[in-house]
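# Observations on the three-dimensional arrangement
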Amino acid sequence: ERGLRVADRGFLNTAVIESSITYIDGEKGVLRYRGYPIEQLAEKSTFIECAYLLIYGALPTRSQLVHFEREVLLHGIMHADAKEFFGAFRYDAHPMAMLTSAFAYLGSYYGEANPSLQGQTLYTKCAKGDSEAFQNMDKQIFRLIGKATTLAAMAYRVRQGREFVVPPTGMSYTESFLYQLDHLSPTDSFSASPSTSPSPYKPHPVLARALDILFILHADHEMNASSTTVLQTGSSLPDPYSAVAAGCASLYGPLHGGANEAVIRMLVAIGSPENVPAYLAAVKRREKVLSGFGHRVYKTSDPRSFIIRKIADEVFAVTGPDPLLDTAMALHDAALKDEYFVSRKLGPNVDFWSGLIYRAMGFPMDFFPVLFVVPRVVGWVAHWRQMMLSPEGVKIWRPKQIYIGPSERPYVAVDERE
Ligand code: SDX
C-alpha cells in the first residue's frame, strides 16, 4: 500500500472522531466536560447531573434532573435473580469478568430475538427523526446507567452468597448503589446467610459524597481505550449493551481501568517506604511498571489526581488512614523527583490514589475496576449516542494495515513438508 504508515503505535497521533463531549489539554493538565472545568464540577455538581451534562450537552434544569435521575433509578431496578446473570461463575470469579458478560446478556434479557439488530433498527429510525426511536434510545441509556450499579452490586453480593436487595426510592444514584452493596465501613461484617430483609444501611455522608465525586472524575475521558472500543464495536450497529460489554472488557486491563487494583498490589508488594528505592530501580530496569503513573495524554499532571488526593484525606478522616498510605506517599514523592520519570513526564494519574480510597472504604481489591466501570458507562453511552446521531451517519470502523508477511507461495501437501 503506497504512502501508508502505521499510525504511530497505539494511535499515538490519530484522531478517530470529532467530539463535543470532553476536552483534555495534556500539556496544561486541563479536563472539561462540555466546557465545564472538572474542578468546578467536582466541587459543585453531582454524578447524576454530570451524567446528564455529558449525554445531552447541557446542565439540566431541576425538573430535567429529577426526571433523569428517576428514570435511571427505575430502569436500574432488576427483577431477575442474580443467578440468571451470574450463576455460571465460580464463587471467586473476578467481578469484571462477571460484569462484562452481564452487559452482553442484557440485550437478550430484554427478550429481543436477535439483540444485535436493535442497533441497526434504532439507528435507521433515529436517522429518520422517529421520535419513538429517540425515546427508545433514551430508555436504553437509562437502562445501561441504572443497571451498571445493579449488576455491579449483584456481582458483589452473589460472591458472598447474599441475596440481592432492591434499593428504596428517594436515595441519590450513588447512595442507592452503596445501599445495594450494603457495605461500606471496614468494620461491616458480612452476613454469612443471605440477608433477605433490606439492611438498615445508610451510607456515611462523607463517604457517599467522596464516591459521588470519584464517579464524576471517572465519568468520561474522551478517546481512552475503552471508549474507543465502545465506538469501534458500536460502528457495526449492534445493540448498545454489546458495545458497552466490549468497553468493559477493554477497561479491565491493568494498563487502563485495572490500574487502580494494580496500584494496591504494587504497594503491598513494596511493603514499606524503605523499599521504595529498590522498587523504582526495578522499574528503571524495566522489570516492573509504576502503576498509577504515566498517561498517554497528560504530560504534566492528571488534574483528577489532585482532586482525588484531597478526597483521600477526607475519607481517611472517617475510616482511619490506610496502612499503605506512607508507602504510597514515599513512592509518589520519590518518583516525582527522579530524573527517569521526570524526563519521561510521568506523574500520578487518576488511578494512583483511588485504590487507597476504595480500600479504606472497605471494598475488595478486585472490585476497584468495577468502581471505574460504573461511572464510565456514562461516558461510553454519551459517545455512543453522539456517534448514532452524527449528521454524517455511522460508518463502520475498519482501519487499514501494512502487510509485511510472505509473498505468494504454492501449497505443499503435508507429507512433502520437512
Ligand atoms: C487510565 O487514556 C485515558 O484517558 C485513560 C484514563 C481514562 O480516564 O480513561 O485516563 C484512565 O487508564 C489511566 C492510566 C492507568 N494506567 C496505569 O497507571 C498503568 C501504568 N501506566 C503506563 O502503562 C503508561 O503510562 C500508560 C499505559 C498509561 C500510557 O502509556 P503510553 O502513552 O503508551 O506511554 P509509553 O508506554 O509510550 O511511555 C513513554 C515512556 C516509555 O519509556 P521509553 O520506552 O520511552 O524509555 O515512559 C515509560 C515507557 O516505558 N513509562 C513508564 C510508565 N509509563 C510510561 N515507565 C514506568 N512506569 C510507568 N507507569
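Residues numbered from 1 in each chain as written. Predicted model: local features only at pLDDT ≥ 70, side-chain atom pairs only at ≥ 80, totals over all residues. Heavy atoms only, no water.

Looking up the protein chain in an unreviewed UniProt entry gives the name Citrate synthase, with the organism given as Scleroderma citrinum Foug A. What the UniProt record of the protein chain gives under Pathway (unreviewed entry) is the line "Carbohydrate metabolism." Reading the Sequence similarities (unreviewed entry) entry of the UniProt record for the protein chain gives the comment "Belongs to the citrate synthase family." (UniProt positions renumbered as here; feature names shortened; annotations may be inferred.)

### Topic: the overall build of the protein chain
Within the protein chain, the regular secondary structure consists of 19 helices and 3 strands. Compactness check: the protein chain gives a C-alpha radius of gyration of 23 Å against a globular reference of 22 Å for 418 residues, within 12% of the reference. Viewed in the frame of its principal axes, the protein chain has a C-alpha envelope of about 70 × 60 × 55 Å. Counting every position in the protein chain, which comprises 418 residues, the buried fraction comes to 51%. Counting only contacts in the protein chain whose residues sit at least 6 apart along the sequence, the fraction spanning at least 24 positions is 77%. Split by element, the accessible area of the protein chain, about 20100 Å² in all, is 55% carbon and sulfur. (Helix = DSSP H or I, 4+ residues; strand = E, 2+ residues; numbered from the N terminus. Rg over C-alpha atoms; globule rule 2.2 N^0.38 Å. Buried < 20%, exposed > 50% of the residue type's maximum accessible area, 1.4 Å probe, protein only. Contact = heavy atoms within 4.5 Å. Areas by Shrake-Rupley, 256 points an atom, 1.4 Å probe, with all protein chains shown as cover.)

### Some remarks on helix α14 (residues 276-284)
Within an α-helix, residues lying three or four positions from one another point in the same direction, as the helix has 3.6 residues per turn. Buried residues of α14: V276, Y279, L280, A282 and V283, and no others. Seen from one end, α14 has its buried residues packed into an arc of 155°, which puts them on one side. Exposed and facing more than 90 degrees away from the buried side of α14 are P277 and A278. In the core, the buried residues of α14 are packed alongside α13 (259-270), α16 (325-337) and α17 (339-343). Directly after α14, the chain includes R286, whose backbone phi takes a positive value near 60°. (Arc of directions from axis to C-beta.)

### Considerations on the site of the ligand
Around the ligand, the structure places 23 residues, and the nearest of them are H221, R286, H295, R296 and R304. Backbone polar atom of L255 to a nitrogen atom of the ligand: 2.9 Å apart, as the coordinates give it. Here an oxygen atom of the ligand sits 2.5 Å away from a polar atom, N or O, in the side chain of R286. Considering the ligand on its own, with 1000 Å² of exposed area, one finds that the protein chains cover 74% of that surface. Here the ligand is seated within the largest pocket. (Near = heavy atom within 4 Å. Polar contact = N/O pair within 3.5 Å; in protein donor to acceptor, adjacent residues only side chain to side chain. 1 Å grid on protein atoms, 1.4 Å probe; cavity = no way out; pocket = protein on both sides within 12 Å on 5 of 7 lines; lining within 4 Å. Sits in = over half its atoms within 2 Å of the grid points.)

### Comments concerning the packing of aromatic side chains
Enumeration according to the criterion identifies 21 aromatic pairs in this entry. With centroids separated by 5.1 Å and ring planes inclined at 55°, the aromatic side chains of F85 and Y109 adopt a geometry described as tilted. With a gap of 24 residues between them, F85 in helix α5 (residues 82-86) and Y109 in helix α6 (residues 95-109) connect regions that are remote in the sequence. By relative accessible area, which is 23% here, Y109 ends up partly exposed. Between the aromatic rings of Y109 and Y110, the centroid separation amounts to 5.1 Å while the plane-to-plane angle is 80°, which identifies the pairing as edge-to-face. These aromatic residues form a ring-pair network of at least three members: F85, F86, F89, Y105, Y109, Y110 and Y241. The positively charged end of R309 is found above the aromatic ring belonging to W353, 4.6 Å away from the centroid. Looking at R344, its charged tip hangs above the ring of Y340, at a distance of 3.7 Å from the centre. (Phe/Tyr/Trp six-rings, centres within 6.5 Å; stacked < 30°, edge-to-face > 60°. Lys NZ or Arg CZ within 6 Å of the ring centre and 35° of its normal.)

### Structural notes on helix α4 (residues 62-76)
Between the first and last C-alpha of α4 there are 21 Å, a value that for 15 residues agrees with the 21 Å anticipated at 1.5 Å per step. Those residues of α4 that sit buried are L65, F68, E69, E71, V72, H75 and G76. Buried residues along α4 cover an arc of 160° about the axis, so they all sit on one side. More than 90 degrees from the buried face of α4, the exposed residues found are R62 and S63. Residues of α4 that are buried in the fold lie against α3 (47-56), α8 (131-158) and α9 (173-181). (Expected span 1.5 Å × (residues − 1).)

### Examining the pairing of strand β2 (residues 30-33)
Burial of the side chains of β2 is restricted to one face: L31 and Y33 are buried, whereas none of V30 and R32 on the reverse face is. In this sheet, β2 lies alongside strand β1 (residues 22-25) in antiparallel orientation, the contact comprising 4 bridges. Each bridged residue has a counterpart across the sheet, and for D25 the counterpart in β2 is V30. Taking the residues between adjacent antiparallel strands as the criterion, β1 and β2 are bridged by 4 residues, where G29 takes a positive phi near 70°. Examined bridge by bridge, β2 and strand β3 (residues 36-37) share 2 bridges and lie antiparallel to one another. The partner of R32 across the bridge, within β3, is P37. Two successive antiparallel strands, β2 and β3, enclose a turn made up of 2 residues, where R34 displays a positive phi of approximately 50°. (Pairing = 2+ DSSP bridges.)

### A short note on empty space enclosed by the protein
A water-sized probe rolled over the atoms picks out the places where empty space is left. Following the criterion strictly, the structure yields 1 cavity of 30 Å³ or more and no others. Here the largest cavity is characterised by a volume of approximately 40 Å³. Lining the largest cavity are H295, Y298, T300, S301, D302, G347 and P348. Here the residues of the lining of the largest cavity sort into 2 nonpolar, 4 polar and 1 charged. (Points joined across faces, edges and corners; volume = space filled by probe spheres on them. Nonpolar A, V, L, I, M, F, W, Y, C, P; charged D, E, K, R; others polar.)

### Side note on the packing of α6 against α8
Two elements in contact, α6 and α8, have axes separated by 10 Å at closest approach and are oriented at 135°. Classed by the angle they form, the pair α6 and α8 counts as oblique. For the element pair α6 and α8, the recorded crossing hand is right-handed. Where α6 approaches α8, its residues P95, M98, L99, A102, F103 and L106 are matched on the opposing element by L144, K147, A148, L151, A152, A155 and V158. Classifying every residue of the contact of α6 with α8 by side-chain character gives 12 nonpolar, no polar and 1 charged. (Axes fitted to C-alpha atoms, helices over the stretch in contact; angles between N-to-C directions. Parallel < 35°, antiparallel > 145°, perpendicular 65-115°, else oblique. Left-handed = near helix turned anticlockwise from the far one by under 90°.)

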